[in-house]
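Results of the structural survey
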Amino acid sequence: MRISRLVTRTLRDDPPEAETTSHRLMLRAGLIQQVAAGVYAYLPLAWRSLQKIEQIVREEMDAAAGQELRMPALQPMELWQQTGRAAAFGDNMFSLEDRRGRPLALAPTHEEVVTNIVKGNVQSYRDLPVILYQMQTKFRDEPRPRAGLVRVREFTMKDAYSFDADDAGLDESYQAMAQAYRNVFRRCSIPVVMAEADSGAIGGKDSHEFLLPTDTGEDTVITCSRCGYAANAEKAEGVYLNLETPDPLPLEEVATPGIKTIATLAEFLGITEAQTLKAVFYSADGEVVFVTIRGDLDVNEIKLKNALHCNELRLADDDEVAAAGLVAGSASAIGLTGIRKIADPSISNGGNFVVGANNPDTHYRNANYPRDFDADIITDIALTKPGHRCAQCGATLASTRGVEVGHIFKLGTFFSEALGAYYLDTDGQQQPITMGCYGIGVSRILAAAIEQNHDERGIVFPPPIAPYQVHLVGLNMSDDAVAEAAGDLYDRLWAAGIQTLFDDRTDAAAGVKFNDADLMGLPVRLVVSPRNLRQSAVEMRGRTEAEAEMVALNDVLGAVKGLLRAA
């Protein structure tokens, strides 16, 4: 491709809307163009990279016995209602009606459709296992699109689905997909952490995320350097400070004028935050619930949402709190009735806690569970944080930020039972098919690769996913000798199978061409100029190399191939 014909435009300055390095560089290098909030057009350079990423993913899926198909993005809403996931996705799902008023969904994922496909094509255990996958455009009405291709409303995803006769078969499929994912990310030069994760609206019993560690990531990963434990903060389990349980003392009311927070309460009474119990009010599908947790801990809202089996969870607003008769800043479960109460097991780790007295500016000393208050549900809802101990080996946990680029789930039989996908076992008995699902954000891989591979000058494309392998720069293209030599080299490179982008512009200065080459970040840069031609040579430099070298015109093809192999 000649740049004079390429549909793209580089920017000299950073776009003000760019939030992350990858977002900034993709806009500046002319890879993407925003169409609407969270909706981008992939321009020719980005599209070539995406096609290469898709091919890498396709090769690894095929190697793991996957079969590619294509499913519709437009789906009947009744399928989602059968599984109950229409409510689970809620406002994140794009919905519409056809001309006859029938409700439809723009698919955020394809479990329902693929289960119906397998239902019509699998009859017995002899037809299993099966792995189906596709490259598909997905739609999710994100409330806060951000960071370019990281969180968008329309995106390209590879989604795969495994179908097995039992859990043992699912385990094999799951491990095969996990290895395929490792291979994909290695080939795309993305170092990832495989972390335990919550299954969210997808459902299922086990799941793992693949995350690229980066300071601009929106996910927090809790890690242990000793045993290798890694889990998303939503899923992580740790061991917090253990307190001795003292002999219970009688409840004692204490005045706490103007005290509204755990930190100020602990300071006012000269105690630690761990010697208090925190009250937090939530709205779960419109119902106000009362949460109690030890004062030095925070509520993990994903764990709480799972415990409550609700679709929408948020902090209760002031009006909801007042309507429930709760006293913000001085509330506790003591004497509380007419409201559902959820507590973390930490309420029993220690004792003689300070809690709200359900009166303004008043607290109780020496509150103990279950003597003084009860709970409808006691379950782990604590947020594991850096500094807690690893539950597996006892070492101190750390955290890092990351961008999710892949997610795999063990779905079990939820979808097959809901949609009637059964098979006949060896005894001729009907059994529900056991399923797994596996997603890779293809467009996110592009963003993640750039987030990981760049320098102060621009993108540093890993060769396997670079839109072109060589950036050929012709200087003084108005010089007939340069134009002829550069054009001839361009043709020779393509004839040798070396994908080349040719900067043949006649109206761009040398500095502009070099800056654009660094910004676009192709693996190899070749320069044809009057000075180089006088030596019958071409200047060659790898994108990550500090110095260029002169290569004889007759030796360029071999030198480029060698540099690409070494990259």
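Rules and cut-offs
- Residues numbered from 1 in each chain as written.
- Predicted model: local features only at pLDDT ≥ 70, side-chain atom pairs only at ≥ 80, totals over all residues.
- Heavy atoms only, no water.
- Buried < 20%, exposed > 50% of the residue type's maximum accessible area, 1.4 Å probe, protein only.
- Helix = DSSP H or I, 4+ residues; strand = E, 2+ residues; numbered from the N terminus.
- Pairing = 2+ DSSP bridges.
- Axes fitted to C-alpha atoms, helices over the stretch in contact; angles between N-to-C directions.
- Parallel < 35°, antiparallel > 145°, perpendicular 65-115°, else oblique.
- Left-handed = near helix turned anticlockwise from the far one by under 90°.
- Contact = heavy atoms within 4.5 Å.
- Nonpolar A, V, L, I, M, F, W, Y, C, P; charged D, E, K, R; others polar.

1. Digging into the pairing of strand β20 (residues 362-367)
Counting buried positions over the six residues of β20 gives five, a clear majority of the element. With four bridges joining them, strand β14 (residues 252-255) and β20 adopt antiparallel strand pairing. Within β20, the residue paired with A255 across the bridge is T362. Connecting strand β19 (residues 353-356) to the antiparallel partner β20 that follows it, the hairpin turn spans five residues, and N358 within it adopts a positive phi of roughly 60 degrees.

2. A short note on unusual backbone geometry
Cis geometry marks the peptide bond from L128 to P129, where omega comes out at 5 degrees. At the junction of Y369 and P370, the peptide bond is cis and its omega measures out at 5 degrees in the coordinates. Take P370: it is sitting in the loop between β20 and β21 (377-378). You will see that D285, though not glycine, has its phi angle at about 50 degrees, which is positive. Tracing the backbone through its elements, the reader meets D285 in the loop between β15 (277-284) and β16 (287-294).

3. Some details on the packing of helix α2 (residues 44-63) against helix α11 (residues 442-452)
Helices that pack against each other are described as a pair by the angle of their axes relative to one another and the distance between those axes. Look at α2 against α11: their axes get within 9 Å of each other, and the N-to-C directions meet at 110 degrees. Here α2 is positioned roughly perpendicular relative to α11, judged by the angle of their axes. You can see that α2 and α11 cross each other, and the crossing is right-handed. In this structure, α2 uses A46, S49, L50, I53 and E54 to contact α11, whose residues at the interface are V442, S443, I445 and L446. Of the residues belonging to the contact of α2 with α11, the class tally is six nonpolar, two polar and one charged.

4. Side note on the side chain of S173
Looking at the secondary structure, you find S173 in helix α6 (residues 167-187). Once residues within four sequence positions are removed from consideration, S173 is found in contact with I131, S162, D164 and Y438.

As far as function goes, none of this settles anything; it's purely spatial.
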